[in-house]
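Chain by chain, the residues:
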Amino acid sequence: MAEGNELRRHDNSQFSELAGQKPTGWLAEFWDFLSHNKKWWLTPIILVLLLLSILLFLGGTAAAPFIYTLF
């Protein structure tokens, strides 16, 4: 039983240390997800979606005539 209590104390102290740390940004979280879970195939999908969303955003601004000349 003493081992179980010791493990719980260790888990609680580790949790307290992690809770006191500065939160990471979403980009760092996503990079950790990709590297730890080996989901590298998601990278081109995310990049294409990001580029399309930038084009959609710029299509509604004053930059739209310049974008249309590219295509």
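Rules behind the numbers
- Residues numbered from 1 in each chain as written.
- Predicted model: local features only at pLDDT ≥ 70, side-chain atom pairs only at ≥ 80, totals over all residues.
- Heavy atoms only, no water.
- Helix = DSSP H or I, 4+ residues; strand = E, 2+ residues; numbered from the N terminus.
- Buried < 20%, exposed > 50% of the residue type's maximum accessible area, 1.4 Å probe, protein only.
- Expected span 1.5 Å × (residues − 1).
- Phe/Tyr/Trp six-rings, centres within 6.5 Å; stacked < 30°, edge-to-face > 60°.
- Patch = residues over 30% accessible without salt bridge, like charges linked within 9 Å, V, L, I, M, F, W, Y side chains within 5 Å.
- Areas by Shrake-Rupley, 256 points an atom, 1.4 Å probe, with all protein chains shown as cover.
- Salt bridge = Lys/Arg side-chain N within 4 Å of Asp/Glu carboxyl O.

Participant: Which residues make up the overall build of the protein, and what values go with them?
Facilitator: Per the secondary structure count, the protein includes four helices and zero strands. Going from the N terminus to the C terminus, the protein shows its helices and strands as α-α-α-α. A buried classification covers 7% of the 71 residues belonging to the protein.

Participant: Explain helix α2 (residues 26-37) to me, using residue names and the numbers behind them.
Facilitator: Its twelve residues place the ends of α2 16 Å apart at the C-alpha level, agreeing with the 16 Å of an ideal helix rising 1.5 Å per residue. Looking at the residues trailing α2, positive phi occurs at K38, about 55°.

Participant: Explain the packing of aromatic side chains to me, and be specific about the residues and the numbers.
Facilitator: Here the structure, examined in full by the defined rule, presents two aromatic pairs. Geometrically, the ring pair formed by W31 and W40 is edge-to-face, given 5.3 Å between the ring centres and 65° between the ring planes. Among the residues examined, W31 registers a relative accessible area of 51% and is labelled exposed.

Participant: Summarise a nonpolar patch on the surface; cite the residues concerned and give the values.
Facilitator: Judged by side-chain polarity, W41, I45, I46 and L49 come together as a nonpolar surface patch covering roughly 410 Å² of accessible area. Within the secondary structure, I45 sits in helix α3 (residues 42-59). Looking at I45, the relative accessible area reads 42%, which means it is partly exposed.

Participant: I'd like a description of unusual backbone geometry, backed by residues and values.
Facilitator: With a phi angle near 55°, K38 is a residue other than glycine that sits in the positive phi range. Counting through the fold element by element, K38 comes out in the loop between α2 and α3. Taking relative accessible area as the criterion, K38 reaches 59% and is therefore assigned exposed.

The values reported here are purely geometric and, on their own, carry no functional implication.
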